[in-house]
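Okay, here's what each chain looks like letter by letter:
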Amino acid sequence: MNTREVVIVGGGPAGLAAAAELKALGVDDILIIEREKNLGGILRQCIHDGFGLTRFGETLSGPEYSQRFIDQVKEMGIEAITNATVIDISPDKVVTADTTEGLLKIQAKAIVLTMGCRERTRGALAIPGTRPSGIYNAGVAQSYMNLFNKMVGKNIVIMGSGDIGLIMARRLTLEGAHVSAVIEILPYPSGLPRNIEQCLHDYDIPLYLGYSVIDIQGEPRIERVIAAKVGENGKLVEGSEIEFPCDTLILSVGLIPENELSLSAGVVLDDRTKGAVVDENYQTSVPGIFAAGNVLHVHDLVDFVSLEAEDLAKGVFQYLRDGKLEENEIPVCAGENIGHVIPQKISGKKDIQMSLRVRKPVGRCKVVVKQAGRELKTVSMPKAIPAEMIQFRVKAEAFVSSEPVEVMINE
Amino acid sequence: MENLYDVVVVGGGVVGSAVARELSRYQLKICVLEKELDVCNGVSGRNTGLLHSGILSGDQPVRTECCIEGNAEFDQVAKELDVPFKRCGKLIVGFGEEEKQCLQQLYQHGLECGIPGIRMIDADEIKAIEPNADGDTGIYVPTAGILCPYTYTIALAENAAQNGVEYHFDQKVTAISRTPGGEYEIQTENGMWRSRWVVNCAGLFAYQISVMLGFEAYVPKRVKGEYEILDKKAGKFLSVPIYPAPGKAGDCDIHITPTVDGNILVGPTLEDVDETIDYSATQEKIDQLMEQGARLFPRHVKREYFIRNYAGIFPYVADPGIQERVDFQIQAREDIPHAVNVVGISTPGLTSALPIARRVVEKVKEQEELRPNEAFNPVRKGIVRFAEQTDEEKMRLIEEDPDYGEIYCRCECVTKAEIKQAVHNILGVSTVSGIKYRTRATMGRCQGGYCETRLTAMIEKELQQDVKDILLNQKGAYMFVGKVK
């Protein structure tokens, strides 16, 4: 069997950044396995701009952003195989990939999981109604339009205000389709404020906040969507139904980290993120298996994916050098109005990067990190919304004991 | 004359395809007229996928007899037609004294019908058979099994086609007449077909064809059932179907059934419906599935596992006189020569399809001597599923055809080679769902998020279709309005 120091599963932004950083640290024997014919991951279909402001200080399109990493990886001589799908990872770190050359089996010393995420579907939400054609997930519609040159419809309704849905509202409009509504069940948008501004407001596309899609009608092709107002008690407001005629419904109702391979490797997942439970080195519950990017928790900006993966590389490097990493015993818990926190476990001996999201939007507030009743760190925020991930570093000196750490929002 | 057949079978469901297959054992020119664009788009593809034992067939002798016969032979059938099948047995469970009595009655009925191996069991034995099932009393039915209803129907149809049967899709029958010369003229929305024989296997619409042929005017008594499909992650927790004790009408309400592919089906809800064909899912029934499903299969019926919902309609018919549901009807009449009328085939139609088909052949033989088709081959091979092979076999497949080395559907691990074979299926079906039913692509938890773009690209390329002509599943179900400017 082939052996490798590191196998990276997925050649998207996280995998590429991890590879380049590992190489820079002196790890030579790296293999990236990518299922698509080209590297770049989901960015290949993200032809809009706005990528790279944090990482490169300029605004790039998705393909331009990923090309910088692809070029770097190539220049560094890092090996990558494409059109190869990993179909299994065993707990003892044997990676099996399906390729046109045969079934590839590699014994890895360390594995980096960077498989990204997938979209939540209509079926998962169990939306009532008919089962016509013309219902697409936003990312699928984006792929059809930008990679396959296929136009999905003319009269569009978008369910959910996730970022891809917002981007697609603009993209479809620019291609001559009419987008009549974006319907969001929550009383606030799920996508970034800048996308609400640039993709909806700039094109006069109405956003219906607090509306739920209660029926899909029409067959063989979708003909209309019925939405109703959700009252404060969570129940539908009688008589509030609005009918939206359409020939296409685009769903942008959430992303789920793609962890089927992680599960086969025995990696423990976090119920809240649906990604792996990791420590401050981004190591999962299986020693030598690491995870970063959208497979770990869904990000809103690719820049943070790259930075996280670069951070991960340090842990992998240390693991390869020492043959193990010190076990992290201190749990990090999500407290008041916090959806989740990464990492979930720390040693208390290292500076750590904390990534978190709030559950509900709040105005002026403080993010407070506490241990043993003491405030270790507070970060003041003018506002915090679920759409925007919050990141900050906590210094090793801040930790006072081995008791659990809690992160919360104080209004 | 063109379009002159010995036999026209109306309907390409499991019964129509079984009839076509059984008739292809004889020297006959046969075609199947199907109104949809693929087989099993109606009742045959929208059910629980259970190989029934016959215990739930009530006091209807033909229904019970066909079911027992079909059950007994299915290991052999599954082998011949390369259809995945598991004889896993079944639990019918009850809570409380009333349901216990109901189950005891059912058990007695089962013994009288000669259902093999059934036995009454208590709570401990229920847990011993399936630790995740609940109930105080139960009947264990060892001969029941699970199969994939569309894989089976497709297998029958493909075997029929291999043996010379023609399938014509998009052929909704609108009128049938008989010429003075004794030939049938079958008018469809898209043509005229002539035949010496007509066999009515039109499922939900059999009662209409029955009238066109001059048989009884049965009254449709349709029952709609909604289902929820659960993730394979839930499937790991169930090895046998769990049925509740039957209600007053003898129907079993929401049950929990593992599928041969490893998912779980929750359903069906049961609701009397009129003649409108409406497969919509409703919020009320989705909630009901959750609630009642959790009673039989605690802890595992949860939203996190939802993959998709679907609905089916049971084509019960009533006698026009007494207005009660009739037994399976397999009829021939002297005053309507060369016609066989198959009506009222609801559950367990899947289990009974071949026994029904043999009875149809007998009806034909009563009026005409049939000469055997020496070339008939009962064996059909399905598309080899990469995901189910050993590593050695996978390597061999890739070596033989590198397309096995490209995963198109990641959730179900379906390769390009399988998709390509499905696109070039023998029946000439070209819809996206046609590929889905033949390979399982798009059936996983991402519901085609990854592979649907590849499937449509394959249809476009391999079948030289314009993007506007690519259909999801039926006429008018277009996927694209054209190319991006």
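Above this text you will find the structure in question.
Small disclaimer: the values here were computed from a predicted structure and weren't measured. (Residues numbered from 1 in each chain as written. Chains lettered and ligands numbered in written order. Predicted model: local features only at pLDDT ≥ 70, side-chain atom pairs only at ≥ 80, totals over all residues. Heavy atoms only, no water.)

Caption draft 1: Highlighting the interface of chain B and chain A. On the chain A side, the residues contacting the 53 residues of chain B number 49 residues. Sorting the residues of chain B by area buried against chain A places Thr453(B), Val481(B) and Val484(B) first, and these three jointly supply 14% of that buried surface. Between Lys37(A) and Glu406(B) there is a salt bridge, and its shortest N-O distance comes to 3.3 Å. Summed over the shared surface of chain B and chain A, the result is 22 residue pairs in polar contact (both at pLDDT 80 or more). When contributions to the side of chain B that touches chain A are tallied by element, the ones reaching two or more residues are helix 8 (283-296), strand 19 (306-314), helix 10 (391-400), helix 13 (452-462) and strand 25 (482-483) of chain B. (Contact = heavy atoms within 4.5 Å. Buried area = accessible area lost by both parts, 1.4 Å probe. Salt bridge = Lys/Arg side-chain N within 4 Å of Asp/Glu carboxyl O. Polar contact = N/O pair within 3.5 Å; in protein donor to acceptor, adjacent residues only side chain to side chain. Helix = DSSP H or I, 4+ residues; strand = E, 2+ residues; numbered from the N terminus.)

Caption draft 2: Main features of the sheet that holds strand 24 (residues 352-358) of chain A. Residue and element names in this part refer to chain A. The strand order across the open sheet formed by three strands is 22-24-27, and the pairing between neighbours is antiparallel. Two strands close off the open sheet at either side, each with one partner strand: strand 22 (338-342) and strand 27 (390-394). On average, each strand axis in the sheet is tilted by 25 degrees relative to the strand beside it, whichever way the strands run. Strand direction decides the pairing type here: strand 24 and strand 27, joined by five bridges, are antiparallel. In the strand pairing of strand 27, Gln 353 is matched with Arg 393. (Pairing = 2+ DSSP bridges. Axes fitted to C-alpha atoms, helices over the stretch in contact; angles between N-to-C directions.)

Caption draft 3: Representation of the pattern of salt bridges within the structure. In the structure shown here, the tally under the stated rule is 58 salt bridges over all chains. Ionic pairing is found between Asp6(B) and Arg196(B), a salt bridge with its closest N-O pair at 3.2 Å. Of this pair, Asp6(B) sits in strand 1 (residues 4-10) while Arg196(B) sits in strand 12 (residues 191-200), placing them 190 residues apart in sequence. Residue classification places Arg196(B) among the partly exposed residues on the basis of a relative accessible area of 27%. For Arg358(B), the salt bridge identified is with Glu73(B), shortest N-O distance 3.1 Å. Taken together, the positions of Arg358(B) in helix 9 (residues 349-367) and Glu73(B) in helix 2 (residues 61-81) put the pair 285 residues apart, joining distant regions of the chain. If you follow the salt bridges from partner to partner, you end up with Arg35(A), Arg118(A), Glu258(A), Glu260(A), Asp231(B), Lys233(B), Arg410(B) and Arg445(B) in one network. (Buried < 20%, exposed > 50% of the residue type's maximum accessible area, 1.4 Å probe, protein only.)

Caption draft 4: Molecular detail of helix 6 (residues 193-200) of chain A. All names here are of chain A. Along helix 6, the residues that are buried comprise Asn 195, Ile 196, Cys 199 and Leu 200. Relative to the axis of helix 6, the buried residues are bounded by an arc of 105 degrees and lie together on one face. If you follow the buried residues of helix 6, they end up packed against helix 5 (163-174), strand 13 (178-184) and strand 14 (207-209). (Arc of directions from axis to C-beta.)

Caption draft 5: Focus on the nonpolar core. Formed by 97 residues in total, the largest nonpolar core has its most connected members in Tyr152(B), Tyr167(B) and Val342(B). Non-local contacts of Val342(B), meaning those with residues more than four positions away in its chain, are made with Val15(B), Val199(B), Asn200(B), Cys201(B), Ala206(B), Gln329(B), Ile330(B), Ile356(B) and Val360(B). Counting residues in each nonpolar core, the second largest holds 61 residues, with Ile32(A), Ile70(A), Leu296(A) and Leu320(A) among its members. (Core = buried A, V, L, I, M, F, W, Y, C linked by side-chain atoms within 4.5 Å.)

Caption draft 6: A look at a negative patch on the surface. Taken together, the side chains of Glu219(A), Glu271(B), Asp272(B), Asp274(B), Glu275(B) and Asp278(B) make up a negatively charged region of the molecular surface. What makes Asp272(B) exposed here is its relative accessible area of 68%. (Patch = residues over 30% accessible without salt bridge, like charges linked within 9 Å, V, L, I, M, F, W, Y side chains within 5 Å. Areas by Shrake-Rupley, 256 points an atom, 1.4 Å probe, with all protein chains shown as cover. Lys, Arg positive; Asp, Glu negative; His and termini not counted. Charge placed at Lys NZ, Arg CZ, Asp CG, Glu CD.)

Caption draft 7: Quick look at the environment of Thr259(B). Inspection of the secondary structure puts Thr259(B) in the loop between strand 16 (255-258) and strand 17 (264-267). Those residues in contact with Thr259(B) that sit more than four places away from it in its chain are Ile146(B) and Leu265(B).

Caption draft 8: Spotlight on the pairing of strand 22 (residues 336-343) of chain B. Residues and elements named next belong to chain B. Of all eight residues making up strand 22, seven are buried, and the element is well covered by its neighbours. In this sheet, strand 22 lies alongside strand 21 (residues 329-333) in antiparallel orientation, the contact comprising four bridges. Bridge pairing in strand 22 links Gln 331 to Asn 341. Counted along the chain from strand 21 to the antiparallel partner strand 22, the turn is two residues long.

Caption draft 9: How the structure looks around the packing of aromatic side chains. Scanning the model with the defined rule gives 18 aromatic pairs over all chains in all. Relative to Phe69(A), the ring of Phe56(A) has its centre 5.8 Å away and its plane inclined at 55 degrees; by these criteria the two rings are tilted. Of this pair, Phe56(A) sits in the loop between strand 3 (49-51) and strand 4 (60-61) while Phe69(A) is found in helix 2 (residues 62-75), placing the two residues 13 residues apart along the sequence. With centroids separated by 6.0 Å and ring planes inclined at 25 degrees, the aromatic side chains of Tyr167(B) and Phe169(B) adopt a geometry described as stacked. Joined through ring pairs, the aromatic side chains of Tyr136(A), Tyr144(A), Phe148(A) and Phe480(B) make up one cluster. The ring centre of Phe205(B) lies 5.4 Å from the NZ or CZ of Arg222(B), which sits over that ring. (Phe/Tyr/Trp six-rings, centres within 6.5 Å; stacked < 30°, edge-to-face > 60°. Lys NZ or Arg CZ within 6 Å of the ring centre and 35° of its normal.)

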